[in-house]
Amino acid sequence: MGFPMMQKSGFFLQTLVSDILWGLQTVRREVSPVGFSNRKFALLLAGLLWTGFSAGAWGQTGLLGVLESADSLSAQKQEELYRQLQKQAEYWERQAAIVKTVVKLVRPTVVHIEAEPGLPSSPQRTPTQRVEEAGSGVVVQIQGKFYVLTNRHVIKGSGIGGIKIGLADGRRIYPSRLWDDPESDVAVLAVDAADLTPARLGKSKDVEIGDFVLAVGSPFGLSHSVTFGIISAKGRRDLELGHAEVVFQDFLQTDAAINPGNSGGPLINLRGEVIGINTAIASNSGGNEGIGFAIPIDMFMFVANQLIEKGKVVRAFLGVHLDSRFGPAMAAEVVDLVLQRVGD
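A few points on the structure.

Here is what the cut-offs are and how they apply
- Residues numbered from 1 in each chain as written.
- Predicted model: local features only at pLDDT ≥ 70, side-chain atom pairs only at ≥ 80, totals over all residues.
- Heavy atoms only, no water.
- Helix = DSSP H or I, 4+ residues; strand = E, 2+ residues; numbered from the N terminus.
- Buried < 20%, exposed > 50% of the residue type's maximum accessible area, 1.4 Å probe, protein only.
- Contact = heavy atoms within 4.5 Å.
- Areas by Shrake-Rupley, 256 points an atom, 1.4 Å probe, with all protein chains shown as cover.
- Phe/Tyr/Trp six-rings, centres within 6.5 Å; stacked < 30°, edge-to-face > 60°.
- Core = buried A, V, L, I, M, F, W, Y, C linked by side-chain atoms within 4.5 Å.

A look at the overall build of the protein
Within the protein, the regular secondary structure consists of 6 helices and 14 strands. A total of 344 residues make up the protein; the buried ones form 33% of that total. For the protein, contacts bridging at least 24 residues in sequence account for 61% of all contacts bridging at least 6. As displayed, the protein offers around 21,500 Å² of accessible surface, 57% of which is attributable to carbon and sulfur atoms.

Topic: the packing of aromatic side chains
In total, this model carries 4 aromatic pairs according to the counting rule given. Where Y91 meets W92, the ring centres are 5.2 Å apart and the plane angle is 80°; that geometry is what we call edge-to-face. Judged by its relative accessible area of 59%, W92 falls in the exposed class. Relative to W179, the ring of Y147 lies with its centre 6.1 Å away and its plane at 55°, an arrangement referred to as tilted. One end of the pair, Y147, is in strand 3 (residues 145-151); the other, W179, is in strand 6 (residues 177-181), and 32 residues separate them in sequence. The exposure class assigned to Y147 is buried, which follows from its relative accessible area of 7%. The exposure class of W179 is buried, given its relative accessible area of 8%.

Some remarks on the nonpolar core
Ranked by size, the top nonpolar core spans 28 residues in total, and within it L149, V188 and F300 carry the most contacts. Taken together, the elements giving at least two residues each to this core come down to helix 3 (75-106), strand 2 (133-142), strand 3, strand 7 (186-190), strand 9 (212-217), strand 13 (273-281), strand 14 (292-296) and helix 5 (297-310). Among the elements that line this core, the one with the most residues is helix 5, at 6 residues. Ignoring anything within four residues of it in the chain, the contact list for L149 reads S136, G137, V138, V140, A187, V188, G264, I277, I297, F300, M301 and A304.

As far as function goes, none of this settles anything; it's purely spatial.
Encoded structure:
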């Protein structure tokens, strides 16, 4: 291995010497009128040649050392590198332990939801068909009672008896009551079961673009799957989600992997708090392409609390009624009426 390298180094030095000699001859011709003597020229040449040979020798030795370390790693050196790598890995594992802690806290609060909406009979009068939808949800506690938060499109068309909720411990329970709001795609299921673990709710108004988040749910029926990403954007509106009923939109956007079946599952910050409910994806393939959307938990709970307390959502509205028949003639009448009242 060393011989070809020595040949290359010798060629390099020969080229270097030739270049130095050519340069010095040129310098000598240019500066000789101002007293550049033969003795000074010789000394300068000797110094440059010594520098060139020293650099060549150092380069040959250093490069050969690099090749030797790359090609033949001794057992002792290998063991030393493994010890260094272990120390470095321990540092990064300590930093990553926060994600493991979040998963341990959140996983028991996430549920798998199966809904069986009934479809009307076909024109051929075949028996009623059943189509099973799968999604996710998260257990919360509101005023001492337990509820499951999810998306309306996950349980749309299903009655209480057609909704099955799978807990992290393997139990299967059924809701005792449900509420939903088509305009925001919010659904709330009341549940009565022992030893439920509620999630802690955060404040989505405090979320910033770039925050790390985890998405937990049942993509393609694989319950309690966890993915990791960041908040990519906030305030996404006017999205074509395939659900024309969803008119109130203010989504958080994330690149945490979200797939069919994740709908209704929580979006979690690194404090273990729910900051959103995963709802939709933008995709040409039908699967994750790095663009997912979640309803901010502040908006979700505004709707959920009203559904639980009042059974419906009361929203503000503009107290103006527009009449399509209103024209110049009616406008003139309104002006006359106003002038009369002012005159009185």
